[in-house]
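# Close look at the chain arrangement
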Amino acid sequence: MREAGAIRRLAVVFAGILAGQLILHGASFVGAKILLPLDILTTPGTYIPSKPGERITQPHNEFLGDPVFEDEPNRLFRNAELRAGRLPLWNPYQYTGVPSMSILSPFALLGALVRSPRVLPWIGLLAACVSGFGMYGFARKVLEVGVWPATIAAWCYPITGFFVFWQGYSLSYPIVWLPWLLLAVENVIRNQSRWSVVGMAVTSALVLVAGHLDVAGQILLVSGLFGAWRLFVIRQDESFYSLIPRKGALLALAWILGLMLASPELLPALEYAKTGSRVSSRSAGHEERPPIGLTALPQLVLPHFYGTMEKDSFAMLPAKEANLPESPAAGFAGLFASLAIAPLGFASRRHRSTSMFLVAIGFLGLAWSINVPGLVQLLRLPGLNLMSHNRFVFATSFCILALAAIGLEAIWKGQLQWRRWYLIPVVTLLALAGWCIFRAFVLPQPIAVALPRAISQGHSIGWVENMGGVQRVQRWFMSMYVSGAVCCIGALVFWTWLWLKRTFPRWIAPALGIVLAAELLLFGYGRTAQCDPRLYYPAVPALDRIAQSPPGRVLPYGCLPANLLQTKELLDVRGYDGVDPARLVDLMDIAAAPNTIKLDYAAVQSFTPRILSMALPDTVRLPPVLDLLGVRYLVYANSTAPAGAPMSARTTDYFVLVNPAALPRIFVPLAVEMESDYQARIAKLSSAGFDPRETAYVEEAIDLPTLTKGEAKIEHENPQRITVRAKMQTPGLIVLSDRWDKGWQAILNGKSVPILHVDHAIRGVVAPAGESTIVFRYAPRSLMIGLGAASIALVVLLALIVFQKSAIKTH
């Protein structure tokens, strides 16, 4: 009977989670839409060209690019590799080649196994179920609340701000495991099961292999603070000296085993990250999203406080601060939950310590965004400064919801008692309600005055081009302020009842829980872009023609952001992955046009090359470093075709110019010089007289003739293995214009040979005179070490299980 009751309770939890996902993404579940912001592909110069006279429509949200530019192309690549019988370890389509994220995460694995984008809402449902059930277990076992409060928390957690804003991004996958990891830490401390250490190790590994190591590090930090706090709490009831060393050792062991289990993916990822310009920049103290200050705080309960970049809205903040997923708005758990229910978590005496811990962690998660002195300086310490601290608000959202679950439990148990400090949320609600009502009638100056004035003077700002657009923006802000006022007034009614009645009927607790879920669903509804399947990377005739032409890398000019060419299996020198390999970025900086766009988080995603000359209608000359990298095709959008291009080019989808000076991907330079000094090497590669056919620069001394002669060609290749046949008249250097990476090995005529850094960023191998076969293969030593560490961890975990099982039987 107890098992049947537990199954029914879990079925109710699942039903609520499923209902939430169907409400938010129902059209994608039935196949009518694709759960991707594909409408961003229709913006000028992005992917889908507009037809003459066609009106450009505003995308759902111009900031929602990563799922289309990064996550989905990489998912398709992983699928193609698995279908070919290979693990997706190396991606040749970005940055002239980069390590590929693995598929150890269950979400990435599900996406890699299914080619169709119809799988995306099901991946979302899986993530929602994992996170929701994790929250239910955390609420029941750690918070020790009743079924209804835990169920409401489980329904709400997958639809809180962070998950809604980052839907479709792999960034949300580590957060899914947060409640599970905290539950696992609790189990180790309480030693409730022989599987406790195993469970914690596996959960820690799942956090790490989910991707985005900075967020994973923040989750491990939260789990460490949670473990230390739980040990302190239990110390009050048991002997300190007998408890702390043993439990602390078990926690440390579980974390270490988790790191070891994740090391097949973790070690190669860390090795690649060390080569990145972004990591170097962060280590040097550069902050991509610096603290904002207390002005950001209102977004925690009113995410639209300053407007948004979404359709029909307008952002009153600078671009960096206007991106809501990167703001405190991502910590949104509902205004009602934050200012009405969560404060009641302190009404339960037995939860007092838990509530204080949750407040501390929630405050820590928000500290960077609101620029808390002391904590901000702490987060700037070496190591910690590699994390994106603005995203730490996921912890704030989690803690608010956990406090709300305790508050619902207090209501359910009738443990409420009015306290003077409850005036803090009441006064906050009064201020917010008054502000919303005022602004509903008196719009902010940028919306009421500045925007109409700019439009009347003939200027367009973003998507707003006429007075009709201004009116749409003003209506949006008025409706936002009215809805905010309604939520505040509803919460004030609740507090008034509490002040007057002090008690509630038991049915109020589940009813309030449903209100919490409803507010989050209203917040999330329509926010995720679900688009017409016809927008899913449709055929582009110009790119299809390139695919059938002689091989060479492709470089779009002012169009087709990085990674999109990967969907057509075309090689690109640009890329977008959050690392930006520094040496390749150095080369591309040499060839960059003055108007190139270089973002903190995407150094070459929108790279624009210098044009040395054109011989229209079909050829172009590019800087020598791009010849070196084999850039054969330069692509323009039809709307930006160069002056003098034939009219026929302007009526096609894209206009393609050929660079006849592009080197083949494998070649033999006439001479080789050593240049180990960074500045001198970059200067020589930047020189107008640099000719990659004539001279190659290496960083260590090699014994070669003054002039070398020979030829080489690629005979067979796949992303992880390239076979080259060389015919050399003299000993010489075989140059492969793929990015040098520590994980590649070279075997020449059956013997291992070193791969040299050539021309700062690419690969080369010295070959003897005569015929040779060179095999390049990707087999990173870090992966082998990771596999060995994971094997040791599995053996240790198995031994722990067997040992504890034997001990239980003996006992």
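Residues numbered from 1 in each chain as written. Predicted model: local features only at pLDDT ≥ 70, side-chain atom pairs only at ≥ 80, totals over all residues. Heavy atoms only, no water.

### Description of the pattern of salt bridges
- Using the criterion set out here, one finds 27 salt bridges in the structure.
- Aspartate 589 is the salt-bridge partner of lysine 598, the closest N and O atoms lying 2.9 Å from each other.
- Taking the relative accessible area as the measure of exposure, lysine 598 reaches 46% and is therefore partly exposed.
- Judged by its relative accessible area of 34%, aspartate 589 falls in the partly exposed class.
- Taken together, the salt bridges that share partners define one network made up of Asp214, Arg278, Arg282, Glu288, Arg289, Glu326 and Arg391. (Salt bridge = Lys/Arg side-chain N within 4 Å of Asp/Glu carboxyl O. Buried < 20%, exposed > 50% of the residue type's maximum accessible area, 1.4 Å probe, protein only.)

### Looking at unusual backbone geometry
- Located in the positive-phi region is asparagine 371, a residue other than glycine, with phi close to 60 degrees.
- Structurally, the position occupied by asparagine 371 is in the loop between helix H15 (352–370) and helix H16 (375–379).
- Among the residues examined, asparagine 371 registers a relative accessible area of 37% and is labelled partly exposed.
- If you check the backbone angles, leucine 560 has positive phi at about 45 degrees while not being a glycine. (Helix = DSSP H or I, 4+ residues; strand = E, 2+ residues; numbered from the N terminus.)

### As for the state of the cysteines
- This model, assessed by the stated rule, comprises 0 disulfides.
- Summary of cysteine pairing: cysteine 156 is not part of a disulfide, and the nearest cysteine sulfur, belonging to cysteine 487, is at 14 Å.
- Take cysteine 156: its relative accessible area is 0%, and that puts it in the buried class.
- Here cysteine 488 stays free of any disulfide, with the sulfur of cysteine 436 as its closest cysteine sulfur at 5.1 Å.
- Residue classification places cysteine 488 among the buried positions, given a relative accessible area of 0%. (Disulfide = S-S within 2.5 Å.)

### Quick word on the packing of aromatic side chains
- Scanning the entire structure with this criterion turns up 35 aromatic pairs.
- Between the aromatic rings of phenylalanine 162 and phenylalanine 394, the centroid separation amounts to 6.0 Å while the plane-to-plane angle is 75 degrees, which identifies the pairing as edge-to-face. Of this pair, phenylalanine 162 sits in helix H6 (residues 161–165) while phenylalanine 394 is found in helix H17 (residues 393–413), placing the two residues 232 residues apart along the sequence. The pair phenylalanine 162 / phenylalanine 394 is uniform in exposure class, with both members buried.
- Taken together, Phe138, Tyr157, Phe163, Phe226, Trp229, Phe357 and Phe398 form an aromatic cluster joined through their ring pairs.
- The residue whose ring lies beneath arginine 763 is tryptophan 744, and the NZ or CZ to ring-centre distance is 4.1 Å. (Phe/Tyr/Trp six-rings, centres within 6.5 Å; stacked < 30°, edge-to-face > 60°. Lys NZ or Arg CZ within 6 Å of the ring centre and 35° of its normal.)

All we've got here are geometric facts, nothing functional implied.
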